[in-house]
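One-letter residues, chain by chain:
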Amino acid sequence: MPKMSGIETAFCRSALWGRFARDIIVPWSLGGQDLGGDVLELGAGSGQMAAALLQRSPGMRLTLTDIDERMVATARRRFPTSPRLTVQQADSTALPFAESSFDVVLSFLMLHHVVNWKAAVAEAARVLKPGGMLIGYDLTAWSSPS
Ligand SMILES: C[S@@+](CC[C@H](N)C(=O)[O-])C[C@H]1O[C@@H](n2cnc3c(N)ncnc32)[C@H](O)[C@@H]1O
C-alpha cells in the first residue's frame, strides 16, 4: 500500500483525525513515556500527531519529516517557526541525518506505506543514539477487494 489515496490524504489532515490522535493514539502509543531530548517523527503527515505530542511534552526538540511535499507544506503552515521544531522533507528509507542524532524516533501509521519498510526501520536504528527508543504503531495486515 505505498501511495495514499486522495481520501486518505484528506482524512489525515482532518480535525476528526487530529482529535483521535490527541485523545486516543498518542496517549495509547506512548503509555506513560514522557518524551524529551531530540525527537524525530517519520511520515509525520500534516503534523496531527506532532500537535498532540507538543502539547504533552513541550520540552522536546522535534523534527518532523514526510516524503510528500504537500504534507510538509501543511505541517509548516500549522506550526510557528521555532528553534524547537523543524519540518523537513525526507524519505524514511534514506534519512538525511547523521547516525546517533536522536533520542527518540516516532512512526505513527506510516510504515505500511513504505514498500521497503525494513530499510526505514534500519534508518531509524542508524539515527538513534545508543539506548534511544523507536516508538510507534502500524497495521500488520490489511484486506483488499478481490
Ligand atoms: C497515513 S499517513 C500518517 C501521517 C501521520 N503519521 C498521522 O498519523 O497523521 C502516512 C504518511 O506517511 C508518508 N510517507 C509514505 N511513505 C513515506 C516515506 N518513504 N518516507 C516518509 N514518509 C512517507 C505519507 O506521505 C503520509 O503523510
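Preceding block: the structure.
This report concerns the structure included in the present document. None of the values given here were measured: they were computed from a predicted structure. (Residues numbered from 1 in each chain as written. Predicted model: local features only at pLDDT ≥ 70, side-chain atom pairs only at ≥ 80, totals over all residues. Heavy atoms only, no water.)

**A few points about the overall build of the protein**
Each helix and strand counted, the protein has five helices and five strands in total. The C-alpha atoms of the protein give a radius of gyration of 14 Å, which matches the 15 Å a tight globule of 146 residues would have. With the principal axes as the frame, the protein shows a C-alpha extent of 45 × 30 × 30 Å. Each of the 146 residues in the protein was classed as buried or not, and the buried ones make up 42%. When contacts within the protein are restricted to residue pairs at least 6 apart in sequence, those whose partners lie at least 24 apart make up 68%. Surface summary for the protein: the accessible area is close to 7900 Å², and the carbon and sulfur share equals 59%. Charged side chains of the protein number 14 positive and 13 negative; the gap between the two group centres comes to 6 Å. (Helix = DSSP H or I, 4+ residues; strand = E, 2+ residues; numbered from the N terminus. Rg over C-alpha atoms; globule rule 2.2 N^0.38 Å. Buried < 20%, exposed > 50% of the residue type's maximum accessible area, 1.4 Å probe, protein only. Contact = heavy atoms within 4.5 Å. Areas by Shrake-Rupley, 256 points an atom, 1.4 Å probe, with all protein chains shown as cover. Lys, Arg positive; Asp, Glu negative; His and termini not counted. Charge placed at Lys NZ, Arg CZ, Asp CG, Glu CD.)

**Brief notes about the site of the ligand**
In the region of the ligand, 20 residues are neighbours, and Trp 17, Gly 43, Asp 66, Ser 92 and Phe 108 sit closest. Trp 17 places a polar side-chain atom, nitrogen or oxygen, 2.9 Å from an oxygen atom of the ligand. Contact distances for the ligand include 2.9 Å between a nitrogen atom and a backbone N or O atom of Ser 92. Summarising the interface, the protein chains cover 94% of the accessible area of the ligand, which totals 590 Å² for the free molecule. Judged by the proximity of its atoms to the pocket grid, the ligand belongs to the largest pocket. The residue makeup of the shell around the ligand, split by class, is twelve nonpolar, four polar and four charged. (Near = heavy atom within 4 Å. Polar contact = N/O pair within 3.5 Å; in protein donor to acceptor, adjacent residues only side chain to side chain. 1 Å grid on protein atoms, 1.4 Å probe; cavity = no way out; pocket = protein on both sides within 12 Å on 5 of 7 lines; lining within 4 Å. Sits in = over half its atoms within 2 Å of the grid points. Nonpolar A, V, L, I, M, F, W, Y, C, P; charged D, E, K, R; others polar.)

**Comments concerning the sheet that holds strand β2 (residues 61-66)**
If you trace the five strands from one edge of the open sheet to the other, you get β3-β2-β1-β4-β5, paired in parallel fashion. For this open sheet the edge positions go to β3 (85-89) and β5 (128-137), each flanked by a neighbour on one side alone. Averaged over all adjacent pairs, the angle separating strand axes in this sheet is 20°, with direction ignored. Of the pairings in the sheet, the one linking strand β1 (residues 38-42) to strand β4 (residues 102-108) comprises four bridges and is parallel in character. Residue Val 39 lies in a different strand from β4, and its bridge partner there is Val 104. Relative to β3, helix α4 (residues 69-78) is tilted by about 160°, and along the sheet it contacts β2 and β3. (Pairing = 2+ DSSP bridges. Axes fitted to C-alpha atoms, helices over the stretch in contact; angles between N-to-C directions.)

**Considerations on the packing of aromatic side chains**
Scanning the model with the defined rule gives five aromatic pairs in all. Aromatic pair Trp 28 and Tyr 137: ring centres 5.5 Å apart, planes at 75°, arrangement edge-to-face. One end of the pair, Trp 28, is in helix α2 (residues 15-30); the other, Tyr 137, is in strand β5, and 109 residues separate them in sequence. Taking the relative accessible area as the measure of exposure, Trp 28 reaches 60% and is therefore exposed. Judged by relative accessible area, Tyr 137 falls into the buried class, the value being 18%. Centre to centre, the rings of Phe 97 and Phe 102 are 5.2 Å apart; their planes meet at 85°, and the pair counts as edge-to-face. Taken individually, Phe 97 and Phe 102 each receive the classification buried, so the pair is uniform in this respect. (Phe/Tyr/Trp six-rings, centres within 6.5 Å; stacked < 30°, edge-to-face > 60°.)

**Looking at α4**
Taken together, the buried positions of α4 are occupied by Met 71, Val 72, Thr 74 and Ala 75. One side of α4 holds all its buried residues, which, seen down the axis, span an arc of 160°. Where α4 is buried, its residues contact α1 (6-12), β2 and β3. (Arc of directions from axis to C-beta.)

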